[in-house]
Amino acid sequence: KPQLITGATRLSQFLQRYCPVVTETYYPTFWCWEARVQTLLRPFITTKPCVEYRNELIKTADGGHISLDWNDSDVNALYPISTTRPTILILPGLTGTSKESYILHMVQQSEILGYRCVVFNNRGVSGEKLLTPRTYCAANTEDLETVISHVQKTFVEAPLMAAGVSMGGMLLLNYLSKTGQQTPLKAAVVFSVGWDVFECTASLEKPLNWILFNYYLTNCLQASVNRHRHILEKVFDIDYVLKAKTIREFDERFTSLMFGYKTIADYYRDASPHHKLKSIEIPVLCLNALDDVFSPGHAIPTQSAKQNPKVALLLTAHGGHIGFLEGIFPRWATYMDRVFKQFIQAVFEHKDELKNT
């Protein structure tokens, strides 16, 4: 069974009552239970549900723009009134977009419940051009604040919550710790968050993990930079950035400089949500696997979670990074998808009880 760690009996009882998945034993797919295998195979094994999006580009204060993908059907028997339809903002991972299989599954689960979804694509990753020499990072919450404000103003009467995956979850937690109660979000759920970036990078720089994950992700980040070279080279030495061999080197040569950090240590400290849990003031559920090589189990802030009645950690022994495959042929919903579906439904349908937690 997963461990459920929280500082409040009420939140624990709420989750056990309305999210029974938190009390169920998680059985990983027996032929790919190992963390790295789960992580590597999930994008290839799980289906890509057919999801229709409506794209919207919104302006930012610095002259840039952000790409949002909306999933919102006018034909909705469960919530026929669009203005009050529950809305979920979804934040993908480091190089992810609204097209990732794990995002499509979350949108599909939301559709089944009649909810509206909007996926926040980080600048420059979803096919749109960069208008300014700026991308994104886990520590800077300005773009997320712009998106949340826009969504909230578009549907003033609709209850709003957010879900973040991997870096998207880190960004969401950093935003929540910064805003406290001054957020329109009713609750949030995050998956496979990197709690301590120093520990994450150290784990990903171990030889096997570098070969399997770090090298590929570094190449993805560099490809995005190269795609927008025409505007980024006005400020950065792109050839130097493209010679980076690890995510750490990429962040040192590009990300930390872009957002004004004196050193990469300053950036990584600011990006790490593990020391900010005490400032979160809305209910948050956090799912992590203890065998996640992207986010080592020993770096998960269990003691801090016990001190905040608004935060609950759900920890499985297995699952890898955004893996959580289960069943003999894990092509459909994962354990992560079930946690997502039950939690958002619990929040929107029993929000009065959640206020008392």
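Position numbers for residues start from 1 in each chain and track the written sequence from start to end. Confidence filtering applies because this is a predicted model: local features only for residues at pLDDT of at least 70, side-chain atom pairs given and counted only at 80 or more, and all residues used for totals across whole chains, interfaces and linings. The side-chain figures draw on all heavy atoms in the structure; neither hydrogens nor water molecules are used.

## Examining helix 13 (residues 335-349)
Part 1 of the argument: Here a strand is any run of E in DSSP of at least two residues, a helix any run of H or I of at least four, and the numbering for each starts at the N terminus. Expected span, for any helix, means 1.5 Å times one less than how many residues it has. A rise of 1.5 Å per residue sets the reference length of helix 13, with its 15 residues, at 21 Å; its end C-alpha atoms lie 21 Å apart and thus fit the reference within 8%.
Part 2 of the argument: When you tally the buried positions in helix 13, you get 11 out of 15 residues, the bulk of the element.
Part 3 of the argument: Buried means the residue's accessible area, taken with a 1.4 Å probe over protein chains only, is under 20% of the maximum for its type, while exposed means over 50%, and partly exposed covers the values in between. Considered for burial, the residues of helix 13 that qualify are Tyr335, Met336, Asp337, Val339, Phe340, Gln342, Phe343, Ile344, Ala346, Val347 and Phe348.

## Quick word on helix 6 (residues 197-204)
Note: α-helices contain 3.6 residues per turn, so residues at a spacing of three or four share the same orientation.
Part 1 of the argument: All buried positions along helix 6 are accounted for by Val197, Cys200, Thr201, Ser203 and Leu204. Projection of helix 6 onto a plane perpendicular to its axis shows the buried side chains occupying an angular sector of 160°, all on one side.
Part 2 of the argument: Taken together, the buried residues of helix 6 touch helix 5 (167-179), helix 7 (207-227), helix 10 (247-258) and helix 11 (264-271).
Part 3 of the argument: Counted as a polar contact is a pair of N or O atoms within 3.5 Å, where, for protein atoms, one must be capable of donating a hydrogen and the other of accepting one, and residues adjacent in sequence contribute only when both atoms are in side chains. Where helix 6 begins, one side-chain oxygen reaches toward the backbone nitrogen of Phe198, 3.1 Å away; that side chain belongs to Asp196. Each C-beta atom gives one direction from the helix axis, and the arc is the one those directions make. In what follows, residue pairs with any heavy atoms lying within 4.5 Å of each other are defined as contacts.

## Digging into the UniProt feature "active site" (unreviewed entry) in the protein chain
Part 1 of the argument: UniProt positions are given in the numbering used here, feature names are shortened, and annotations may be inferred rather than shown by experiment. On the UniProt side, "active site" (unreviewed entry) is annotated at positions that read Ser166, Asp292 and His321 here. Sequence-wise these annotated residues cover 156 residues; spatially they are packed, their C-alpha atoms never more than 10.9 Å apart.
Part 2 of the argument: Locating Ser166 in the fold gives a position in the loop between strand 6 (160-165) and helix 5.
Part 3 of the argument: Along the polypeptide, His321 turns up in the loop between strand 9 (311-316) and helix 13.

## A short note on the packing of aromatic side chains
Part 1 of the argument: Only the six-membered ring of Trp is used, alongside the rings of Phe and Tyr, when aromatic pairs are assigned; centres must lie within 6.5 Å, and planes under 30 degrees apart are stacked while those over 60 apart are edge-to-face, with the rest tilted. Following the criterion strictly, the structure yields 15 aromatic pairs and no others.
Part 2 of the argument: Ring geometry for Tyr115 versus Phe348: centroids 4.9 Å apart, planes at 75°, classification edge-to-face. In this pair, Tyr115 is assigned in the loop between helix 3 (101-113) and strand 5 (116-121) and Phe348 in helix 13, connecting sequence segments 233 residues apart. The two residues Tyr115 and Phe348 agree in class, both being buried.
Part 3 of the argument: When the centroid spacing of 6.3 Å and the interplanar angle of 35° are considered together, the rings of Phe324 and Tyr335 count as tilted. Placement of the pair is Phe324 in the loop between strand 9 and helix 13 and Tyr335 in helix 13, with a sequence separation of 11 residues. Comparing Phe324 with Tyr335 shows no difference in burial state: the two are buried.

## A few points about the UniProt feature "domain: AB hydrolase-1" (unreviewed entry) in the protein chain
Part 1 of the argument: Those residues carrying the UniProt feature "domain: AB hydrolase-1" (unreviewed entry) are residues 86-327 in this numbering.
Part 2 of the argument: In residues 86-327, the share of helix is 42% and the share of strand is 15%. The end C-alpha atoms are 31 Å apart.

## Focus on the side chain of Asn174
Part 1 of the argument: Structurally, the position occupied by Asn174 is in helix 5.
Part 2 of the argument: A polar contact is formed between the side chain of Asn174 and the backbone oxygen of Ala138, at a distance of 2.9 Å.
Part 3 of the argument: If near-sequence neighbours (up to four positions away) are discounted, Asn174 is found in contact with Ala138, Ala139, Thr141, Asp270, Ala271, Ser272, Pro273 and Lys276.

## What about the domain arrangement of the protein chain?
Part 1 of the argument: What the domain assignment lists for the protein chain is domain 1 (3-195 + 284-356) and domain 2 (197-271).
Part 2 of the argument: Domain start and stop positions are those given by an automatic or database domain assignment. Placing a centre on the C-alpha atoms of domain 1 and another on those of domain 2 gives a separation of 24 Å.
Part 3 of the argument: Contact with domain 1, which involves 30 residues of that partner, is made by 28 residues of domain 2.
Part 4 of the argument: Both sides of the domain 1 and domain 2 interface together cover about 2,300 Å² of buried area, and 71% of this is carbon and sulfur.
Part 5 of the argument: A carboxyl oxygen of Asp or Glu within 4 Å of a side-chain nitrogen of Lys or Arg is what we treat as a salt bridge. Where domain 1 meets domain 2, there are 0 salt bridges.
Part 6 of the argument: Counting across the interface, domain 1 meets domain 2 through 7 residue pairs in polar contact (both at pLDDT 80 or more).
Part 7 of the argument: Where the side of domain 1 that touches domain 2 is concerned, the elements lending two or more residues are helix 2 (35-45) and helix 5.
Part 8 of the argument: By residue number, the principal contributor to the side of domain 1 that touches domain 2 is helix 2, which donates 3 residues. Here's the idea: put two parts together, see how much 1.4 Å probe accessible area each one loses, and the total over both is what we call buried area.

## Describing the sheet that holds strand 3 (residues 65-71)
Part 1 of the argument: Ordered in space as 1-9-8-7-6-4-5-3-2, the 9 strands form an open sheet in which the pairing is mixed. Edge positions in the sheet fall to strand 1 (3-5) and strand 2 (54-59), since each of these pairs with one other strand and no more. Here the strands of the sheet are splayed against their neighbours by 20° on average, with no regard to which way each runs.
Part 2 of the argument: A pair of strands is considered paired only if DSSP assigns at least 2 bridges between the two. Here strand 7 (residues 185-191) runs beside strand 8 (residues 284-289); their pairing, made up of 4 bridges, is parallel. Within strand 8, the position partnered with Phe191 by the bridge is Leu287.
Part 3 of the argument: The angle between two axes is taken between their N-to-C directions and runs from 0 to 180 degrees, where each axis is a line fitted to C-alpha atoms and a helix contributes only its stretch in contact. Against the sheet, helix 13 contacts strand 4 (87-91), strand 6, strand 7, strand 8 and strand 9, and its axis sits at roughly 170° relative to strand 7.

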